[in-house]
Structures are given as C-alpha cells and as structure tokens.
Amino acid sequence: LDRIEAALIDDPDKNVYYMWGQIKRRCLKDDTIAWPHATAAKHCRCSKTEVPKIMNRLMKIGAVTRVQKGARGANSGRAAIYRREI
C-alpha cells in the first residue's frame, strides 16, 4: 500500500474509502471526473450533506484535487470537477 491508500483504510469513516473506490472505478489516474453531489451521494449511498466532508477528506489526503468548484442549484448546470491524483 502507498501512503494515501493506507490513510484511507485507517480513516474511521467508511464512506471515505467507499467513495474513493467509486471514483477509482470510474476514473483513470490523472483524469478528471464531473462529480456533482447528487451523483456522488447516489454512488456512495450516503446523504448529499456528507459528500462535501468526504470529498474534502479525499482532497486533504491527496487522492483527488478539485479543478472546478460546483455551483448549487438545479438550474446552475455547473458540477464540481475533480482530478484523480493516484
């Protein structure tokens, strides 16, 4: 295991590791993914309010970086875009 995957496994919140698995399944290394909160909540099987905390934890560890911050609202059409680092 590398440093980042070890930190994900040691994290007490199982949703962080599960979200990482979903991102890793859908996105190659150094590739970007549009990941709005509703889609992330559906794939991770958690509430939409937990998604920002999970994604911030993944960014803090260094697994992903946010390329574009999303805008809230059904009519905004601007999703958060993340880049997978490892």
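The following paragraphs examine the structure supplied in this document. Owing to the predicted nature of the structure, the values given are computational and were not obtained by experimental measurement. Along each chain, residue indices are assigned from 1 in the same order as the chain's sequence is written. pLDDT decides what is reported in this predicted model: residues at 70 or higher carry local features, side-chain atom pairs at 80 or more are listed and counted, and totals for whole chains, interfaces and linings draw on all residues regardless. By convention in this description, side-chain values take in all heavy atoms of the structure and omit both hydrogens and water.

1. Things to note about helix 1 (residues 3–10)
Heads up, the condition is: Only protein chains enter the accessibility calculation, which uses a 1.4 Å probe; a residue whose area is less than 20% of its type maximum is buried, one above 50% is exposed, and one in between is partly exposed. Labels follow the DSSP assignment, with helices taken as runs of H or I lasting at least four residues and strands as runs of E lasting at least two, numbered in each case from the N terminus. The arc in question is traced by the directions running from the helix axis to the C-beta atoms. Here, two residues are considered to be in contact whenever any of their heavy atoms come within 4.5 Å of each other.
Burial in helix 1 covers these residues: Ile 4, Glu 5 and Leu 8. For helix 1, the angular spread of buried residues about the axis comes to 95°, placing them on one side. Turned more than 90 degrees away from the buried face of helix 1 sit Arg 3 and Asp 10, all of them exposed. The secondary structure elements touched by the buried residues of helix 1 are helix 2 (14–26) and helix 4 (51–61).

2. Some points on helix 4
When we look at burial in helix 4, the residues that qualify are Val 51, Ile 54, Met 55, Leu 58 and Ile 61. The arc that holds every buried residue of helix 4, seen down its axis, measures 125°, which confines them to one face. Residues of helix 4 that are exposed and point more than 90 degrees away from the buried face comprise Lys 53 and Lys 60. Where helix 4 is buried, its residues contact helix 1, helix 2, helix 3 (37–44), strand 2 (64–68) and strand 3 (81–84). At the C-terminal side of helix 4, Gly 62 shows a positive phi close to 105°.

3. Focus on unusual backbone geometry
Although it is not a glycine, Asp 30 sits at a positive phi angle of roughly 65°. Note that Asp 30 resides in the loop between helix 2 and strand 1 (32–34). Of note, Arg 45 is a non-glycine position whose phi angle comes to about 60°, a positive value. In this fold, Arg 45 is placed in the loop between helix 3 and helix 4.

4. What about the sheet that holds strand 2?
In plain terms, the rule: By this definition, two strands are paired if DSSP reports at least two bridges between them. An axis is simply a line fitted to the C-alpha atoms; with a helix, the fit covers only the stretch in contact. Between two such axes, the angle follows the N-to-C directions and lies from 0 to 180 degrees.
One open sheet holds the three strands; their spatial order is 1-3-2, and the pairing between them is antiparallel. Looking at which strands have only one partner, the edges of the open sheet turn out to be strand 1 and strand 2. Across the sheet, the mean angle separating the axes of adjacent strands is 35° when strand polarity is ignored. Inspection of the sheet shows strand 1 paired to strand 3 by three bridges, in the antiparallel sense. What sits directly across from Thr 32, in strand 3, is Arg 83. The sheet contacts of helix 4 involve strand 2 and strand 3, and relative to strand 2 the element is tilted by about 115°.

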